Amino acid sequence: MSQIRKNKLQLNKILRLIPVALGGLALFFIYFPIFWLMLLSFSAEPLTGIPGGWHFEWYVDMVYGADRREGEAFVGDFQLKEPLTKSIVIATLTSLLCMVSAVLVGRSLPKMKSQGLLLFGFLVPLMVPGIVVGIGMFLFFRIGLGIKMGTWSLALAHFVWAFPFCLLVILVVVSRLDQRILEAARDLGATKTQTFFQIELPIIKPGIFAAGFFGFLLSFNELPFSIFMRKGDMTLPIYLWIQSGAHNSSVPLIFALSTIITIISMVVTYLIVRVGFGKE
């Protein structure tokens, strides 16, 4: 019996290690390519895919230009200012729209009788490929309604893509909100406005921050929708996509830029988690 028990214990240990191993493998495939790209950004010949010859030349070239002349912004045709500014503006607008809309819809949806059907309608963009939705929106606005594309159409497309994610975040925090607290406030004479701003808003604030953060990141990195809804506007993902396919001397700078964006995103994510969710 003792031997059988030992065998069972060993089997249980092995079975417990399987999820850990699978999780570790998933993390490896998620983060190792990012780490490898960071290494290549310091490599002399990053296009070979093999790190080596370490230096900071690509970062220097990206900021000051290949000829190092002061005032020369970026290398050759690698002009980041306009697409970067465009992406930040659209992402900020998308983030604000997502926060406001997600709060309004997320607070009302659980109280509706047909909430399941409505929720499905809001989440449809998550299930449909971005290219399909982008083509559909382009055909509807440009050909169907005859409206010219521009910055507004990019912001609208990004909002359609990011809103379902933001709505899910708000629904999570709203579902965990004890409604008895709000009822008690109303019983004590508080108006709906006072109840929302003084009681409900502070409780769901972490979810609002998270929704805005997701909206910004999803918009900042969005590509399929932007291809069809941009007209002549150039966002950063589209610009990097075009530069990557050009196979010119500017391509190695994408490695450096991607590393900077990744590090900033990680730092901002950490700060959002600490500020928004660090205190209960």
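Quick caveat: nothing in here was measured; it's all calculated off a predicted structure.

Engineer: Could you give me a rundown of the overall build of the protein chain, with the residues and numbers involved?
Structural biologist: Scanning the protein chain for helices and strands turns up 11 helices and 0 strands. Along the chain direction, N to C, the helices and strands of the protein chain fall in the order α-α-α-α-α-α-α-α-α-α-α. Across the 280 residues that make up the protein chain, the buried fraction comes to 33%. Pairs at least 24 apart in sequence give 66% of the contacts found in the protein chain among residues at least 6 apart.

Engineer: Break down the confidence of the model for the protein chain for me, with residues and values.
Structural biologist: Of all residues in the protein chain, 88% attain a pLDDT of 70 or more, and the chain-wide mean is 79. Residue range residues 67-77 is modelled with pLDDT below 50. Its contacts to residues more than four positions away, or to other chains, number 25 contacts.

Engineer: Which residues make up the pattern of salt bridges, and what are the values?
Structural biologist: This structure, assessed with the given rule, holds 1 salt bridge. For R107, the salt bridge is made with E200, and the minimal N-O distance between the two is 2.8 Å. Residue R107 is found in helix α3 (residues 81-108), and its partner E200 is found in helix α8 (residues 192-220); the two are separated by 93 residues along the sequence. On the accessibility criterion, R107 (22% relative accessible area) is partly exposed.

Engineer: Please give an account of the environment of A184 that cites residues and values.
Structural biologist: As for its placement among the helices and strands, A184 is situated in helix α7 (residues 179-187). A relative accessible area of 35% means that A184 is categorised as partly exposed. Between the alpha carbons of A184 and T195 there is a distance of 9.7 Å; along the sequence they are 11 residues apart.

Engineer: Tell me about the packing of helix α4 (residues 115-127) against helix α6 (residues 151-175), residues and numbers included.
Structural biologist: The geometry of a pair of packed helices is captured by two quantities: the angle between their axes and the separation between those axes. The geometry of α4 relative to α6 is characterised by a closest axis approach of 7 Å and an angle of 130° between their N-to-C directions. Considering their axes alone, α4 and α6 lie oblique with respect to each other. Every pair of crossing elements has a handedness; the one defined by α4 and α6 is left-handed. In this structure, α4 uses L119, F122, L123, P125 and L126 to contact α6, whose residues at the interface are V160, W161, F163, P164, F165, L167, L168 and L171. Split into classes, the residues belonging to the contact of α4 with α6 amount to 13 nonpolar, no polar and no charged.

Engineer: Go over α4, please, and point to the residues and values.
Structural biologist: Because each turn of an α-helix spans 3.6 residues, side chains separated by three or four positions in sequence point in the same direction. Here α4 is 13 residues long and its end C-alpha atoms lie 18 Å apart, about the 18 Å a rise of 1.5 Å per residue gives. Of all the bends found along α4, the most pronounced is centred on G121 and spans about 35°, while P125, a proline, follows it within four residues.

Engineer: Which residues make up the packing of aromatic side chains, and what values do they have?
Structural biologist: Applying the stated rule across the entire model yields 12 aromatic pairs. Aromatic side chains F159 and F163 sit 5.4 Å apart centroid to centroid with 40° between the ring planes, which places their arrangement in the tilted category. One end of the pair is F159 and the other is F163, both in helix α6 and 4 residues apart, which spans about a single turn. Measuring from ring centre to ring centre gives 6.0 Å for F216 and F220, while their planes differ by 10°; the resulting arrangement is stacked. Taken together, the residues span about one helical turn, with F216 and F220 both in helix α8 at a distance of 4 residues. Overall, F220 belongs to the buried group, its relative accessible area being 11%. An aromatic cluster is built from F28, F29, F32 and W36, whose rings are joined through pairwise contacts.

Engineer: An account of the layout of surface pockets is requested, with residue identities and associated values reported.
Structural biologist: Here the second largest pocket defines a volume of roughly 370 Å³. If you go around the second largest pocket, you meet 17 residues; those closest to its centre are N221, L240, S258, I261 and T262. Elements with a contribution of two residues or more to the lining of the second largest pocket: α1 (2-41), α8, α10 (236-246) and α11 (251-277). Looking at which element gives the most residues to the lining of the second largest pocket, the answer is α11, with 7 residues.

Engineer: Lay out the environment of P202 in plain terms, naming residues and giving numbers.
Structural biologist: Inspection of the secondary structure assignment puts P202 in helix α8. Since its relative accessible area comes to 42%, P202 is described here as partly exposed.

Procedures and definitions
- Residues numbered from 1 in each chain as written.
- Predicted model: local features only at pLDDT ≥ 70, side-chain atom pairs only at ≥ 80, totals over all residues.
- Heavy atoms only, no water.
- Helix = DSSP H or I, 4+ residues; strand = E, 2+ residues; numbered from the N terminus.
- Buried < 20%, exposed > 50% of the residue type's maximum accessible area, 1.4 Å probe, protein only.
- Contact = heavy atoms within 4.5 Å.
- pLDDT = per-residue confidence, 0-100.
- Salt bridge = Lys/Arg side-chain N within 4 Å of Asp/Glu carboxyl O.
- Axes fitted to C-alpha atoms, helices over the stretch in contact; angles between N-to-C directions.
- Parallel < 35°, antiparallel > 145°, perpendicular 65-115°, else oblique.
- Left-handed = near helix turned anticlockwise from the far one by under 90°.
- Nonpolar A, V, L, I, M, F, W, Y, C, P; charged D, E, K, R; others polar.
- Expected span 1.5 Å × (residues − 1).
- Bend = angle between axes of the 7 residues up to and from the residue.
- Phe/Tyr/Trp six-rings, centres within 6.5 Å; stacked < 30°, edge-to-face > 60°.
- 1 Å grid on protein atoms, 1.4 Å probe; cavity = no way out; pocket = protein on both sides within 12 Å on 5 of 7 lines; lining within 4 Å.
- Points joined across faces, edges and corners; volume = space filled by probe spheres on them.

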